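One letter stands for each residue in the lines below.
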Amino acid sequence: MTEMDYKYTLLSSDSEDCQKRPFLFHVDNNNQMNLFAVLEVRRDNYRRWGGLPCFSKAKVYSIGLGLTVMSLVMASYILTGDKKGLLITPSPYQYSTLNNPGLLNSHETDLSFPFNLSSVRDYTNMKLVIKTITSNIEFSTRQLPDLKDLIKYEQHMFSVIPSTFLPNFTNPCWYEEYTGNITADPYGTNLYALYSKRFRTVFDYLRNAFRDHLYRQGNKYYRFRCLPYFYIIGQPKCGTTDLYDRLRLHPDVRFTTFKEPHWWTRKRFGIIRLSEGFHDRYPVEDYLDLFDLAAYQIQDRSQLNASRSQHKRNIIIGEASASTLWDNNAWVYFYENATAKGEPPFLIQDFIHAVQPNAKFIIMLRDPVERLYSDYLYFGIANKSADDFHEKVSESLQLFESCILEYSMKSCVYNTTLNNAMPVRLQVGLYIVYILDWLTIFDRNQMLVLRLEDHATNCKYTMHKVFDFLSLGPLTEQTEAEITKSPASNTRRQADKNLGPMLPVTREILRDFYTPFNAKLAQEFKNDSFLWEKKSKFM
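A short tour of the structure in this document, coming up. Here the structure is a predicted model, which is why all the values come from computation and not from measurement.

### Notes on the pattern of salt bridges
- Inspection of every chain in the model, using the stated rule, returns 25 salt bridges.
- In this structure, glutamate 154 and arginine 281 form a salt bridge, with 3.9 Å as the shortest nitrogen-oxygen distance. Placement of glutamate 154 in the loop between helix H5 (147-153) and helix H6 (155-160) and of arginine 281 in the loop between strand E12 (277-278) and helix H10 (284-289) is noted, with a sequence separation of 127 residues between them.
- Residue glutamate 154 is classed as buried on the basis of its relative accessible area of 8%.
- By relative accessible area, which is 44% here, arginine 281 ends up partly exposed.
- As a salt-bridge pair, arginine 246 and aspartate 242 come within 2.7 Å of each other at their nearest N and O atoms. Placement of the pair is arginine 246 and aspartate 242 together in helix H9 (residues 240-247), with a separation of 4 residues, close to one helical turn.

### Some remarks on the packing of aromatic side chains
- Considering all chains together, one arrives at 37 aromatic pairs under this definition.
- Aromatic pair phenylalanine 346 and phenylalanine 351: ring centres 6.0 Å apart, planes at 75°, arrangement edge-to-face. Assigned by exposure class, phenylalanine 346 and phenylalanine 351 land together as buried.
- Each ring, one from tyrosine 378 and one from phenylalanine 379, has its centre 4.7 Å from the other, and the planes form 80°; the classification is edge-to-face.
- A relative accessible area of 36% places tyrosine 378 in the partly exposed class.
- Each residue in the set Phe139, Phe400, Phe513, Tyr514 and Phe517 is aromatic and connected to the rest through ring pairs, giving one cluster.
- Geometry around phenylalanine 379 places arginine 425 over its ring, the cationic atom sitting 5.0 Å from the centre.

### Quick notes on the state of the cysteines
- One pass over the structure, following the stated rule, counts 2 disulfides.
- One disulfide in the model links cysteine 173 with cysteine 226; its S-S distance is 2.0 Å. Because the sign of the S-S torsion sets the handedness, a value of about 105° for the bond joining cysteine 173 and cysteine 226 places this disulfide among the right-handed ones. Separated by 53 residues along the polypeptide, cysteine 173 in strand E6 (residues 173-178) and cysteine 226 in strand E8 (residues 220-226) bring together distant segments of the chain. With respect to burial, cysteine 173 and cysteine 226 carry one shared label: buried.

### Details of the sheet that holds E6
- Reading across from one edge, E6-E8-E7 is the order of the 3 strands in this open sheet, with antiparallel pairing throughout. Since the sheet does not close on itself, it has two edges, and those belong to E6 and strand E7 (215-217), each with one partner. Neighbour to neighbour, the strand axes of the sheet diverge by 35° on average, direction disregarded.
- Taken together, the 3 bridges between E7 and E8 define a ladder with antiparallel strand orientation. Along E8, the bridge assignment pairs glutamine 217 with lysine 220.

### Examining the pairing of strand E13 (residues 316-319)
- Here E13 shows no split at all, with Ile316 and Gly318 on one side and Ile317 and Glu319 on the other all buried.
- One ladder, built from 2 bridges, connects strand E9 (residues 230-234) with E13; its direction is parallel. The residue of E13 that forms the bridge with tyrosine 231 is glutamate 319.
- As paired strands, strand E10 (residues 253-255) and E13 are joined by 3 bridges and run parallel to one another. Residue pairing across strands places phenylalanine 255 opposite glycine 318, the latter belonging to E13.

### Observations regarding the environment of phenylalanine 400
- Tracing the backbone through its elements, the reader meets phenylalanine 400 in helix H15 (residues 386-404).
- A relative accessible area of 1% means that phenylalanine 400 is categorised as buried.
- In the structure, phenylalanine 400 is positioned 21 residues away from alanine 421 in sequence and 9.8 Å away in space, judged by C-alpha atoms.
- Aside from chain neighbours lying at most four places away, what touches phenylalanine 400 is Ile133, Cys412, Val413, Leu418, Met422, Leu430 and Phe513.

Parameters and conventions
- Residues numbered from 1 in each chain as written.
- Predicted model: local features only at pLDDT ≥ 70, side-chain atom pairs only at ≥ 80, totals over all residues.
- Heavy atoms only, no water.
- Salt bridge = Lys/Arg side-chain N within 4 Å of Asp/Glu carboxyl O.
- Helix = DSSP H or I, 4+ residues; strand = E, 2+ residues; numbered from the N terminus.
- Buried < 20%, exposed > 50% of the residue type's maximum accessible area, 1.4 Å probe, protein only.
- Phe/Tyr/Trp six-rings, centres within 6.5 Å; stacked < 30°, edge-to-face > 60°.
- Lys NZ or Arg CZ within 6 Å of the ring centre and 35° of its normal.
- Disulfide = S-S within 2.5 Å.
- Pairing = 2+ DSSP bridges.
- Axes fitted to C-alpha atoms, helices over the stretch in contact; angles between N-to-C directions.
- Contact = heavy atoms within 4.5 Å.

Structure representation (structure tokens):
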């Protein structure tokens with residue numbers, strides 16, 4: 001609705017001045033309007049009126065005309081369904097309720113949501129936005145890059161990590177020649193050690209144990225290096241921390257010095273968070289240092305096994321950066337040419353596959369609607385509320401719609417500018433888009449996809465699936481009980497719980513948005529529990 005200027009001449013027989021000077025009643029529909037202050041009165045070269053009779057009649061005419069225009073504005077506003085709401089109430093979601101399950105077509109019975117004129121209009125507008133988005137969804141395959149192109153952008157990494165690994169080790173391990181001074185601090189320049197004060201004790205231990213684990217052959221020294229055997233790669237707020245904490249209790253599992261190095265997705269590019277700007281690029285040696293504690297234990301156990309001439313269970317190493325599945329936001333700053341569709345020329349998994357084609361991956365998912373709200377509560381700033389979440393969802397959906405009208409769905413999902421602009425991370429819940437791209441280069445049997453809902457309901461069931469997937473040996477009853485019965489990790493903070501659930505209308509909007517992506521995921525894995533329509537049935 002464009003800006004409207006209404007000009008009226010307020011005549012008075014008692015004053016020529018009043019006859020000559022018009023009023024401009026200006027209704028600005030580009031800004032939210034107060035019901036009780038709809039009209040802004042403008043007049044050029046204003047001067048005092050000549051007398052009281054003129055003023056009195058002008059006031060009468062002004063009030064009468066103001067009420068008339070107000071009625072016209074409100075009537076046209078209701079009929080046109082303009083997006084900018086009248087400020088009838090402080091919040092458009094708080095006062096009266098409507099019980100209409102048919103309107104929302106929800107899977108829940110007797111669904112009700114607070115509403116007024118603005119909420120109904122907002123819901124209708126968002127339905128149109130989502131219809132536009134879903135009509136432009138296309139699941140396309142990607143062209144895999146050549147190895148030579150990957151090496152071009154990561155020459156140093158490929159020079160450090162060998163193409164073959166030591167036999168008889170479950171993990172990809174090798175001996176690397178150490179050319180430094182063996183009396184110097186091997187971790188003195190490690191950026192993880194410099195910036196992670198919490199883990200100084202671990203690095204102090206590594207410094208003390210370093211020389212004892214060097215292997216000498218002739219005049220050369222070699223250090224034992226390893227990459228992880230498996231990765232927990234996603235998704236944020238889907239239970240990855242709980243899975244990590246439980247797996248750490250397994251006697252044959254070791255992880256990096258801390259849970260989420262984020263090397264493949266961020267630190268490799270020198271980025272901690274895009275919003276904070278650029279930092280030093282973390283070399284691959286710094287990343288490998290994080291596995292040294294586990295590598296030392298593998299060395300010790302291997303030597304012990306050899307001395308006893310008997311086979312002992314192997315230690316396997318894991319890494320648990322929940323950004324690995326989805327976060328390719330740095331590509332636009334470092335890779336020169338996008339594809340013809342504006343998509344990244346390389347993805348994180350291309351580089352992992354180039355150095356670890358046999359790696360295994362665990363993915364923990366969750367109803368993407370609930371995931372997004374949990375994400376908002378966890379990372380949100382002050383003044384969080386269900387209303388604020390709704391507004392951020394609406395804004396994000398409109399931004400996504402604007403992108404998908406111009407570009408392919410995949411280019412929007414990987415669009416760094418869009419991802420940074422959206423106030424909530426809608427794209428993180430588009431699980432199938434990322435998983436399909438991983439499946440273009442890794443085999444399906446290298447991936448285990450779990451649901452947080454199943455894990456929360458029956459932790460023992462999901463942990464046994466993980467043990468089998470990683471080929472871990474049997475456990476004693478006591479150890480298994482410690483792993484499966486320990487309290488859940490990284491649960492919602494009490495202050496966030498006090499905010500309550502999201503608005504039902506927000507939930508319904510998000511449900512509509514994610515449904516086609518969930519359907520594709522369920523189809524791909526032949527598992528209807530990924531529709532998130534009802535409780536999972538264990539299979």
